[in-house]
Amino acid sequence: MTQYAFYFDGTRCTGCKTCEMACKDFKDLDLGFAYRKVYEVTTGETTRDAEGIITTSCVSYPLSMSCNHCDDPACVKVCPTTAMHKDPETGLVSVDTAKCIGCGYCHMACPYNAPKVDRSKGHSVKCDGCADRVAAGEKPVCVEACPARALDFGTVEEMSALGRIADIAPLPDPAYTTPNLYIKPSEDALPFGAPNGKVVNPLEVE
């Protein structure tokens, strides 16, 4: 089995969301659906002293993320119909729409908010790693669209050599599902579980 993985370089990403828009266009996604999402994480504070001087320690960093095609995907474990499954050849997680009943358990279980139920279609939808493109020897459209080359995709051996497993805020402890997302964090990135990091665009990533 070949396990594929994504790589994200936080030192290159500008938060432009081209990856997100390219995915939405390629997959023809409706309003309210996005398989790749760019989190805007902010930390620090702005204060005014007794003399009226304002100082700030605020910093912000983006995090581009889709499904992480985990080694131990929570969505697969809770699916009652085996519709959510991990491909034995590529390790990519996708939905068998013929089996999916739209119960939403996958959405509730995933700590990365990857699957979502499309009520108009009656089943869950999510990033499948552009499986058809990968089978044809191409990379996912989000990777090829990134103007800053902050994204990459390949075998887990190749991507893990570029960075470390995803362990920055606002992500959970990677031990929970062992995500196949490797990152090169920016200098401002906070560790996972940090209480002082805030996602300031929650409506875009929910």
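Just so we're clear, the structure is a prediction, and the values are computed from it rather than from any experiment.

Caption draft 1: The arrangement of a nonpolar patch on the surface in detail. A surface patch of nonpolar side chains, amounting to about 300 Å² of accessible area, comprises Val-78, Tyr-105 and Met-108. Inspection of the secondary structure puts Met-108 in helix H3 (residues 105-109). Judged by relative accessible area, which is 60%, Met-108 ranks as exposed.

Caption draft 2: Seen up close, the nonpolar core. By size, the foremost hydrophobic cluster in this structure holds 48 residues, and its most contacted members are Phe-8, Tyr-61, Met-84, Leu-171 and Leu-181. Elements with a minimum of two residues in this core: strand S1 (4-9), helix H1 (18-27), strand S2 (37-43), strand S5 (59-65), strand S7 (93-95), helix H5 (141-145), strand S10 (151-155) and strand S12 (181-184). With residues up to four places along the chain from it excluded, the contact list for Phe-8 reads Cys-13, Pro-62, Leu-63, Ser-64, Ala-150, Leu-151, Leu-181, Tyr-182, Ile-183 and Lys-184. In terms of nonpolar packing, the next biggest core, distinct from the first, is built from five residues, Ala-5, Val-156, Met-159 and Tyr-182 among them.

Caption draft 3: View of the sheet that holds S5. The sheet built from three strands is open, its strands ordered S5-S2-S13 with antiparallel pairing. A strand with exactly one partner marks an edge of an open sheet, and here the two such strands are S5 and strand S13 (198-199).

Caption draft 4: Focus on the pairing of S2. For S2, a buried count of five out of seven residues is recorded, marking the element as mostly surrounded by other parts of the structure. In this sheet, S5 lies alongside S2 in antiparallel orientation, the contact comprising seven bridges. Looking at S5, one finds that Tyr-39 is bridged to Leu-63. As judged from the two bridges shared by S2 and S13, these two strands associate in the antiparallel manner. From the neighbouring strand, Thr-42 faces S13, where its bridge partner is Lys-198.

Caption draft 5: Focus on the pairing of S12. Summarising the sheet, S1 and S12 pair through four bridges and their orientation is parallel. Across the sheet, residue Phe-6 finds its bridge partner in S12, namely Leu-181. One ladder, built from two bridges, connects strand S11 (residues 164-165) with S12; its direction is antiparallel. Residue pairing across strands places Arg-164 opposite Ile-183, the latter belonging to S12.

Caption draft 6: Representation of the packing of aromatic side chains in the model. In this structure the tally under the stated criterion is two aromatic pairs. With centroids separated by 5.2 Å and ring planes inclined at 10°, the aromatic side chains of Tyr-4 and Phe-153 adopt a geometry described as stacked. Highlighted residues: Tyr-4 in strand S1 and Phe-153 in strand S10, separated in sequence by 149 residues. Its relative accessible area of 5% is what places Phe-153 among the buried residues. What links up through ring pairs into an aromatic cluster is the set Tyr-4, Phe-6 and Phe-153. The cationic tip of Arg-36 hangs over the ring face of Phe-6; the distance from NZ or CZ to the ring centre is 4.8 Å. The lysine or arginine in question, Lys-116, covers the ring of Phe-33, its NZ or CZ lying 5.4 Å from the ring centre.

Criteria and thresholds
- Residues numbered from 1 in each chain as written.
- Predicted model: local features only at pLDDT ≥ 70, side-chain atom pairs only at ≥ 80, totals over all residues.
- Heavy atoms only, no water.
- Patch = residues over 30% accessible without salt bridge, like charges linked within 9 Å, V, L, I, M, F, W, Y side chains within 5 Å.
- Areas by Shrake-Rupley, 256 points an atom, 1.4 Å probe, with all protein chains shown as cover.
- Salt bridge = Lys/Arg side-chain N within 4 Å of Asp/Glu carboxyl O.
- Helix = DSSP H or I, 4+ residues; strand = E, 2+ residues; numbered from the N terminus.
- Buried < 20%, exposed > 50% of the residue type's maximum accessible area, 1.4 Å probe, protein only.
- Core = buried A, V, L, I, M, F, W, Y, C linked by side-chain atoms within 4.5 Å.
- Contact = heavy atoms within 4.5 Å.
- Pairing = 2+ DSSP bridges.
- Phe/Tyr/Trp six-rings, centres within 6.5 Å; stacked < 30°, edge-to-face > 60°.
- Lys NZ or Arg CZ within 6 Å of the ring centre and 35° of its normal.

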